Amino acid sequence: SGANAQENKISVDNPNGGIKLTSADKEYQVSINGRIYMDGVHYFDDVTDLSSDVSIDDIRFGTSVRWGKWSAKINVGFGNDEVKIKDAFLRYHHKKNSTFTVGNFFEPFGIEAAESSKNLRFIGASNTTQAMGIGRGVGLGYTYYTQKFYGSTGIFAGTVDNNNKGDQGFSTTSKVAYTPIQNEDFVFQVGGSFTYRKPEANGFNESFNDDDYNRVVEFAAGPEHKFLNATMNGAQSDMRFNFQTLALKGPFMLQAEYTQAKVTRDDDYVSKLMKDGPLYYVTYAWPVKPQDYPDWYGELRDIETKAYYVQAGFLLGDNYKYNSSTAYIKRPKAGAFEFLVRYDHTDLNDIDGTYFNGAYGPADLNAALGGAGNMSIQGGKADTYSLAVNYYLSSNVMFRLNYDYMDVDNQKHPLDKNIGVLKGRIQVNF
Amino acid sequence: SGANAQENKISVDNPNGGIKLTSADKEYQVSINGRIYMDGVHYFDDVTDLSSDVSIDDIRFGTSVRWGKWSAKINVGFGNDEVKIKDAFLRYHHKKNSTFTVGNFFEPFGIEAAESSKNLRFIGASNTTQAMGIGRGVGLGYTYYTQKFYGSTGIFAGTVDNNNKGDQGFSTTSKVAYTPIQNEDFVFQVGGSFTYRKPEANGFNESFNDDDYNRVVEFAAGPEHKFLNATMNGAQSDMRFNFQTLALKGPFMLQAEYTQAKVTRDDDYVSKLMKDGPLYYVTYAWPVKPQDYPDWYGELRDIETKAYYVQAGFLLGDNYKYNSSTAYIKRPKAGAFEFLVRYDHTDLNDIDGTYFNGAYGPADLNAALGGAGNMSIQGGKADTYSLAVNYYLSSNVMFRLNYDYMDVDNQKHPLDKNIGVLKGRIQVNF
Amino acid sequence: SGANAQENKISVDNPNGGIKLTSADKEYQVSINGRIYMDGVHYFDDVTDLSSDVSIDDIRFGTSVRWGKWSAKINVGFGNDEVKIKDAFLRYHHKKNSTFTVGNFFEPFGIEAAESSKNLRFIGASNTTQAMGIGRGVGLGYTYYTQKFYGSTGIFAGTVDNNNKGDQGFSTTSKVAYTPIQNEDFVFQVGGSFTYRKPEANGFNESFNDDDYNRVVEFAAGPEHKFLNATMNGAQSDMRFNFQTLALKGPFMLQAEYTQAKVTRDDDYVSKLMKDGPLYYVTYAWPVKPQDYPDWYGELRDIETKAYYVQAGFLLGDNYKYNSSTAYIKRPKAGAFEFLVRYDHTDLNDIDGTYFNGAYGPADLNAALGGAGNMSIQGGKADTYSLAVNYYLSSNVMFRLNYDYMDVDNQKHPLDKNIGVLKGRIQVNF
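Residues numbered from 1 in each chain as written. Chains lettered and ligands numbered in written order. Predicted model: local features only at pLDDT ≥ 70, side-chain atom pairs only at ≥ 80, totals over all residues. Heavy atoms only, no water.

1. Describing the overall build of chain A
Step number 1: Looking only at helices and strands, chain A features 4 helices and 25 strands.
Step number 2: Its C-alpha atoms give chain A a radius of gyration of 25 Å, near enough to 22 Å, the size a compact globule of 430 residues would have.
Step number 3: Expressed as a percentage of the 430 residues in chain A, the buried residues total 56%.
Step number 4: Taking the intrachain contacts of chain A between residues at least 6 apart in sequence as the baseline, contacts between residues at least 24 apart amount to 62%. (Helix = DSSP H or I, 4+ residues; strand = E, 2+ residues; numbered from the N terminus. Rg over C-alpha atoms; globule rule 2.2 N^0.38 Å. Buried < 20%, exposed > 50% of the residue type's maximum accessible area, 1.4 Å probe, protein only. Contact = heavy atoms within 4.5 Å.)

2. Some points on the packing of aromatic side chains
Residues and elements named next belong to chain B.
Step number 1: One pass over the full model with this rule turns up 54 aromatic pairs over all chains.
Step number 2: Between Trp 70 and Tyr 92 the ring centres are 4.9 Å apart and the planes differ by 50°, which places this aromatic pair in the tilted class. Taken together, the residues span a long stretch of sequence, with Trp 70 in strand 6 (residues 70-77) and Tyr 92 in strand 7 (residues 84-95) at a distance of 22 residues.
Step number 3: Judged by relative accessible area, which is 22%, Trp 70 ranks as partly exposed. (Phe/Tyr/Trp six-rings, centres within 6.5 Å; stacked < 30°, edge-to-face > 60°.)

3. Quick word on unusual backbone geometry
Step number 1: A positive phi angle is found at Asn80(B), which is not glycine, with a value near 55°.
Step number 2: At His225(C), a residue that is not glycine, the phi angle is positive and equals roughly 55°.
Step number 3: Mapped onto the elements of the fold, His225(C) is located in the loop between strand 13 (216-221) and strand 14 (228-233).

4. Re helix 2 (residues 269-276) of chain A
Step number 1: Every buried residue belonging to helix 2 of chain A is among Tyr269(A), Ser271(A) and Leu273(A), and all of these are buried.
Step number 2: If you follow the buried residues of helix 2 of chain A, they end up packed against helix 3 (292-297) of chain A.

5. Some points on the nonpolar core
Step number 1: The biggest cluster of nonpolar side chains holds 84 residues, and the ones touching the most others in it are Phe78(A), Phe78(B) and Phe78(C).
Step number 2: For Phe78(A), the residues in contact, after removing those within four places along its chain, are Ile59(A), Phe61(A), Val83(A), Phe78(B), Val76(C), Phe78(C), Val83(C) and Ile85(C). (Core = buried A, V, L, I, M, F, W, Y, C linked by side-chain atoms within 4.5 Å.)

6. Comments concerning the pairing of strand 13 (residues 216-221) of chain A
Working note: regular strand, side chains alternate between the two faces of the sheet.
Residue and element names in this part refer to chain A.
Step number 1: When you tally the buried positions in strand 13, you get 5 out of 6 residues, the bulk of the element.
Step number 2: Pairing of strand 13 with strand 14 (residues 228-233), which is carried by 6 bridges, proceeds in the antiparallel orientation. Bridge pairing in strand 14 places Ala 220 opposite Asn 229.
Step number 3: Between the end of strand 13 and the start of strand 14, which pair antiparallel, lie 6 residues, with Gly 222 showing a positive phi angle near 80°. (Pairing = 2+ DSSP bridges.)

7. Re the pattern of salt bridges
Step number 1: Evaluated as defined, the whole model comprises 57 salt bridges over all chains.
Step number 2: Here Asp318(B) ties to Lys321(B) by a salt bridge, and the two come within 3.0 Å at their closest N and O atoms.
Step number 3: We classify Asp318(B) as buried; its relative accessible area is 11%.
Step number 4: Residues participating in the shared-partner salt-bridge network are Glu107(A), Arg197(A), Asp238(A) and Arg240(A). (Salt bridge = Lys/Arg side-chain N within 4 Å of Asp/Glu carboxyl O.)

8. Quick notes on the pairing of strand 16 (residues 252-265) of chain C
All names here are of chain C.
Step number 1: Counting buried residues in strand 16 gives 10 out of 14 residues, a clear majority hidden from the surface.
Step number 2: Sheet topology note: the strand 15 (residues 235-249)/strand 16 ladder contains 14 bridges and is antiparallel. Bridging across to strand 16, Leu 248 finds its partner in Met 253.
Step number 3: Counting the residues in the hairpin turn of strand 15 and strand 16 gives 2 residues, including Gly 250, whose phi is positive at 55°.
Step number 4: Sheet analysis places strand 16 next to strand 17 (residues 303-316), joined by 12 bridges and oriented antiparallel. Looking across to strand 17, one finds that Gln 255 is bridged to Gln 311.

9. What to know about a nonpolar patch on the surface
Residues and elements named next belong to chain A.
Step number 1: Among the surface-exposed residues, Phe 44, Leu 316, Phe 337, Phe 339, Val 389, Leu 401 and Leu 422 lie close enough to one another that they form a single nonpolar patch of about 570 Å² accessible area.
Step number 2: When you line up the elements, Leu 316 lands in strand 17 (residues 303-316).
Step number 3: Given the relative accessible area of 43%, Leu 316 is considered partly exposed. (Patch = residues over 30% accessible without salt bridge, like charges linked within 9 Å, V, L, I, M, F, W, Y side chains within 5 Å. Areas by Shrake-Rupley, 256 points an atom, 1.4 Å probe, with all protein chains shown as cover.)

10. Looking at the side chain of Asn349(B)
Residues and elements named next belong to chain B.
Step number 1: Along the chain, Asn 349 falls in strand 20 (residues 337-350).
Step number 2: Judged by its relative accessible area of 17%, Asn 349 falls in the buried class.
Step number 3: Polar side-chain contacts of Asn 349 include one of 3.1 Å to the backbone nitrogen of Gly 379.
Step number 4: In terms of polar contacts, Asn 349 uses its side chain to reach the backbone amide nitrogen of Gly 380, at 2.7 Å.
Step number 5: If we skip the residues at most four places from it in the chain, Asn 349 touches Glu 304, Ile 377, Gln 378, Gly 379, Gly 380 and Lys 381. (Polar contact = N/O pair within 3.5 Å; in protein donor to acceptor, adjacent residues only side chain to side chain.)

11. So, the side chain of His93(B)
Step number 1: Tracing the chain through its elements places His93(B) in strand 7.
Step number 2: Not counting the four nearest positions on each side in its chain, His93(B) is found in contact with Arg66(B), Lys69(B), Trp70(B), Ser71(B), Ser98(B) and Thr99(B).

12. Some points on the confidence of the model for chain A
Step number 1: Within chain A, residue pLDDT values average 90, and 92% of them lie at 70 or more.
Step number 2: Note on residues 1-8 of chain A: pLDDT is under 50 here. Beyond four places in sequence and across chains, it has 25 contacts. (pLDDT = per-residue confidence, 0-100.)

Below you can see the structure in the form of structure tokens.
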């Protein structure tokens, strides 16, 4: 039956600084968890004004419940007074190292994009990951790991945050990581991830009554998403791959990721022509066939963007330790300091045209001066140099300080060259 | 004093798959509960595009606390990243089967409209209940039950979600259910509910400075509320009654509800005339008296709508069992499958005029062609045939699959005839 | 290590009616807390319509965790279906009566503005405190107290709710209270608070590209903030001081606060002139120099406002008791009734000009009739007489009933003279 009471036999446990209650027969476990990120950011801005701010950037309540081989997790964020559903899933623990998950959870792609921000080395992910990483999707996943191998795959059908009109998209995302060397003093991992995605609809255009061309892919990163921001309308498909590597040697670590994306685009030129109705304007010579649109405004060719980062760390007071079940690093012990440097190169441009006066024309300058268009994407690029210091007060509390120096190049903000960002975070997790 | 500590004597209990902590002296009980609904919906749409989607449709945190004869419940939903206050009340347990409740809770009306969605047989309520059921109100209620009798009544003053300007409304709602036959293999119940309501204000019109005519009643149901949607402005009162019946025989069940509503309407013709100021336009022959408005645009006569559904179920692996304290069915045991069929007829039309070109004129076609109006309500009607399969994995988890076939008839969507809706839900409650 | 389990040794504790779990070694404590405020308000309005309403005005979930000398608190409000981050901080307990706090918490200013609404004598704070009290800020604070002395100070950098563009502000706020007399039957306290503030940016004007003149201070109180509402744009600094006194004698109490504020203002006349570009309009005689703006539209002189309240209470069934750690009154015991009266005088006017036709001109009537402006602030003033009855059912539940009679004087609502407000609240805390 569903009701049974045990007196005097409950246990309380605090793994990773959380709180877990376990019933006497071990059949039932509940944990209560929470998070506060207290953030301050000061911008040394160049020409474009950026809003320096302090904030409670993330605050969460969560509960996990486990009944035998099944568990469920609920985690909701309220940062900046906005509700965001985070982990919300049901999991079946087939074996200790083999689980099926259904609900809202991280798509398995790369290191940073599939890891909780509380375990990232810096405050937030690199620009590489912000721009082209994935985050959570609603779907069904399977994860399996051994000491040396970690594999995770899933099918997803869009994000929980998209309440736009139009049909959802779908994606399939997979990650493998292989860690052949795991000595006491040296760990070495390589891995790769791949995702194929049909983007989600981004609203619905009543005049076309069609869900095929209303999809959008956005890549954005960095300060207020101003200098790195590529928006691709009419997206048909979105493919990305990622290579990752990780090396740990005593108190030293090296971590790198390379991500590349290709987005195909198309538009409904036939419907456009029907709507523009050239037959009604018989004296008009243009447009007369669907191909006239791309011929004049530019082809919606495929867009490719790429980015990578490399970061190195040094721990004072502990050594780095590897966790096979997450394919990443364990949290350093209380009292440890961590020092990090990172170089990030994010390039969201795919340009084959001529830019002038705020728009793109064909690469051929004469055609461009004649008024023809070009569908190049100018999302900007940036080289970012970062420093970080972390202090791990306990399993629950850490203090973070970051400085980023960005060398930006974005034609929409031509006067901005160098941006400095000083960030601090007090991070509480339980 | 308010502080007392007991070591080694707390008990943990998991009734209905939840978690309850009880202090040693039994004076104190706290339960923590949560919910996740992971939903997918695919529309086989006709002409009007509908947005197929997966979503976390409901996700909740809740706590209940009990001190002796008093208890309080807090339950907040965050589905689709929006905050919705659900149960939020203080309850006085006068006797085991006699309780007073104050706060936000279900108004006692019918079966489905007063039952948590987690206990409904289908994913969400029938169109009948969606359109004319009530849901939660802020008020004061009393509930009493015996083995055979269940009665609940309350007075309410609007919903917690209405933050529109203008004064709140009020309502009084009552339900009785009588279950004379309760043998081991046969249970039979009949019941009725009634509500009288003054609708809530729906914003405030500065130019009239009056709270009497700014009230609205909306009945809406089905896919995106597109094909069943009646909006009655200037609502003065709203009366509804409901008949319910339930029969259980071993693994079979039959459940039906009939609901009928009558909404009275009025407008402030005197203020309208003052505002239109005919004296300033002395050459105008119209309007010259308040009655000119209804004479030309149509009378705001009473609107009546009605709907009913009948559903039958079959349990594989368990028998249906009756719960006197809720006047409804207990949750089937783990491992059971449930198969259901439903027929729903919802008619939100009350038309006595002539429809053409998107508006209503008088029934007399000549008057209509002269341009006169008619205040008929055309909310659409639909016959809906539904199938459902439920699998009860445990007290905490169930899997649901539904298919609805709607035969719609709505003059605002004249080309839409038949809509198919395939829905799945993974439901986690603890 | 971060994980240790103790069987059979957890304790549960309910201080102040809450729930606290403590691990066997006392190293770990978790409390779960919540709140519901069920409110009804009925306005006896004068000319301007006010929206009578019932609502769940505040509903909260919270968790506190303590590990040794550190603790963290998370508390989020969902009243009226909106998310508001409340207490969200990390605290270091240097000594029992000496704590450092970082995060979002009350700035120490006066009695009412630094006290949880659950402990206020009336439903909500006086108009004095609503208008010129502070509330929570994001910052770093220190608090120290002895039996007779209470001191708290902090530096803050804006509120968690401000998501406007533009840089955050900062403030430093301090409070001292001294309670020299603390006999069994007489307690007497005096205290003072001071804050200096650079207001937060309230959005960003692209054309000026500057964060110095986009700041605003708003003082607002009372019914829908309609009759007491002073908005000061171009705010440069904001200074406020507060005097407080409290006297308790058996079942009697007297409490009073006086608050005064001074806001300095300025505008970017140079940029305005550059933007207006008089050189392009060579025939224009005006403006020709920055000073022309204040000369014609009026000087942005400093604005001073002030307010105070005095309230007296009588407890039936208990005596008032003082709490040194909060410098305020302890919650009366279960079963006590409390009766209160209050007089509040809030004056948000600082006028040196002539009002006519909805705007201010210079005090010199001839200049005013010539069209010149004046930058006086007319926020309105009100004398408010209030009555309250509280019933303390238990440590968790109280019932409140208030009546306010406001004598208002606000040139924006010239016809409104007297407003009555009847409010009830059922307050549940655990």
